[in-house]
Amino acid sequence: ILVGIYFKLIKKAKLYTWVQDIWPESAYAIIPQKKNILFKLLKYICNHIYSFNNKLFLQSDAFKKYFSLNQKKIKQIYLPNPGIEINFNIKYRNKKFPFNKKKLNILYTGNIGRAQNFDNLLNSLGKIEKINRNIDFHFIGAGSYKKKAISISKVKKISNLKFYNFMSYKKLINYIKSADILLIMLKNDPILNITVPSKFQNYLATNKPILSFSKGETNRLINKIKAGYICKPDDTKGFVKLVLKLYKLKNSKVLKLKAKNGFLYYKKNYHIRIIKNKILENMN
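Residues numbered from 1 in each chain as written. Predicted model: local features only at pLDDT ≥ 70, side-chain atom pairs only at ≥ 80, totals over all residues. Heavy atoms only, no water.

**So, a positive patch on the surface**
What counts, and what does not: By definition, no residue in a patch forms a salt bridge, and every one has over 30% relative accessible area; like charges are joined within 9 Å, nonpolar side chains (Val, Leu, Ile, Met, Phe, Trp, Tyr) within 5 Å. Here the open area of atoms and residues is found with the Shrake-Rupley method and a 1.4 Å probe, where only the protein chains shown may cover a residue. The salt bridge definition used is simple: a Lys or Arg side-chain nitrogen within 4 Å of an Asp or Glu carboxyl oxygen. The charge count treats Lys and Arg as positive and Asp and Glu as negative. His and the chain ends do not count. To locate a charge, take NZ of a lysine, CZ of an arginine, CG of an aspartate or CD of a glutamate. Each helix is a run of H or I in the DSSP string that is no shorter than four residues. Each strand is a run of E no shorter than two, and both are numbered from the N terminus.
Taken together, the side chains of Lys127, Lys130, Lys237 and Lys241 define a basic patch exposed on the protein surface. For the positive patch, the secondary structure elements donating two or more residues are α5 (118–131) and α11 (236–248).

Structural data, given as structure tokens:
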């Protein structure tokens, strides 16, 4: 934003910022430390930087409450991230089904970091495995917590959790196509609860049902759209019950309808053309 401020002052241009995360609160949601003098200083700096904007585009509608308290004079516009539509017709030389078709395959793609709800997930997976060995969780991506998650899963001998390295778009499509359900996870934190991860829109675009192990705005949207199932991040017992229920719904019309609901909502609200038009309308 500082670069934008420079050009605004020199060229007398208008400045718009598309806010993806609220700073410094987002950093403190991941780093386990108390809000000290440094936090107050960073918050002052961030608010001062935001104040130079003519408009603030907010990726989550829930951000409005935060910015209405801190930036009352600046116009705030809800502008969600666009989803990236998956083309399942792309040819990939390895057409082999990557997952066991007989099992329920739950897939997570993206960052494997501290913002994700891994501690509670790992506690749940052992319980799920004892009851039903036909449910697998697959994680594709990288992040600061990946090594630790792999280490814990080995110590606890959790065999229903599989990790994969970063892979090409073409290869990833085959894995998404093979999955039954796509997983979203976020820790229980006030700032994370009002943030909608970009994978939400991307998941809707895949025409797959969503399982959310999080809280707040993401869950509200999933319920509104009827695109999947939700469980609060601290409710490990509820998560175990929900996953076991989803196993019984594998290949059912219910899951297919949830997937369809999400895809139709994506086309009407999160398609790249729609988001581009909203940007242009608000800049004119």
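**Focus on the sheet that holds strand β3 (residues 75–78)**
What counts, and what does not: Any two strands between which DSSP finds at least two bridges are classified as paired. Think of each axis as a best-fit line through the C-alpha atoms, taken over the contacting stretch in the case of a helix, with angles from 0 to 180 degrees between the N-to-C directions.
The 3 strands are arranged β1-β2-β3 in an open sheet whose pairing can be described as parallel. Each edge of the sheet is formed by a strand with only one pairing partner; in this case those strands are β1 (16–19) and β3. Strand-to-strand, the axes of this sheet are offset by a mean angle of 25°, without reference to chain direction. One ladder, built from 4 bridges, connects β1 with strand β2 (residues 55–58); its direction is parallel. Across the sheet, Thr17 pairs through a bridge with Leu56, a residue of β2.

**Describing the sheet that holds strand β5 (residues 135–140)**
With respect to topology, 6 strands assemble into an open sheet ordered β6-β5-β4-β7-β8-β9, the strand pairing being parallel. One side of each edge strand has no neighbouring strand; the edge strands of this open sheet are β6 (161–164) and β9 (228–231). Mean inter-strand twist for the sheet, computed between neighbouring axes without regard to direction, equals 25°. Bridge count for strand β8 (residues 210–213) against β9 is 4 bridges, and the pairing is parallel. Each bridged residue has a counterpart across the sheet, and for Ser212 the counterpart in β9 is Ile230.

**So, the nonpolar core**
Operational definition: In plain words, nonpolar cores are sets of buried Ala, Val, Leu, Ile, Met, Phe, Trp, Tyr and Cys residues tied together by side-chain atoms within 4.5 Å. Working definition: with a 1.4 Å probe on protein chains only, accessible area under 20% of the residue-type maximum means buried, over 50% means exposed, and in between means partly exposed. We call two residues in contact whenever any of their non-hydrogen atoms come within 4.5 Å of each other.
Judged by nonpolar contacts, the single largest core of 57 residues is most densely connected at Phe137, Phe139, Phe200 and Leu211. Here the element with the most residues in this core is α11; it accounts for 6 residues. The residues touching Phe137, leaving out its near neighbours within four places in the chain, are Ile106, Leu121, Leu125, Ile128, Asn160, Leu161, Lys162, Leu183, Phe239 and Val243. Core analysis: the second largest hydrophobic core is formed by 13 residues, Ala62, Phe63, Ile74 and Ile194 among them.

**A few points about the side chain of Glu25**
Quick reminder of the rule: Any N or O atom pair separated by 3.5 Å or less is treated as a polar contact, with the protein-specific requirement of one donor-capable and one acceptor-capable atom, and with residues adjacent in sequence counted only for side-chain atom pairs.
Here Glu25 shows up in helix α2 (residues 25–30). A polar side-chain atom of Glu25 sits 3.0 Å from a polar atom in the side chain of Tyr66. Setting aside anything within four residues of it in sequence, one finds Glu25 in contact with Phe39, Lys43, Tyr66 and Ile191.

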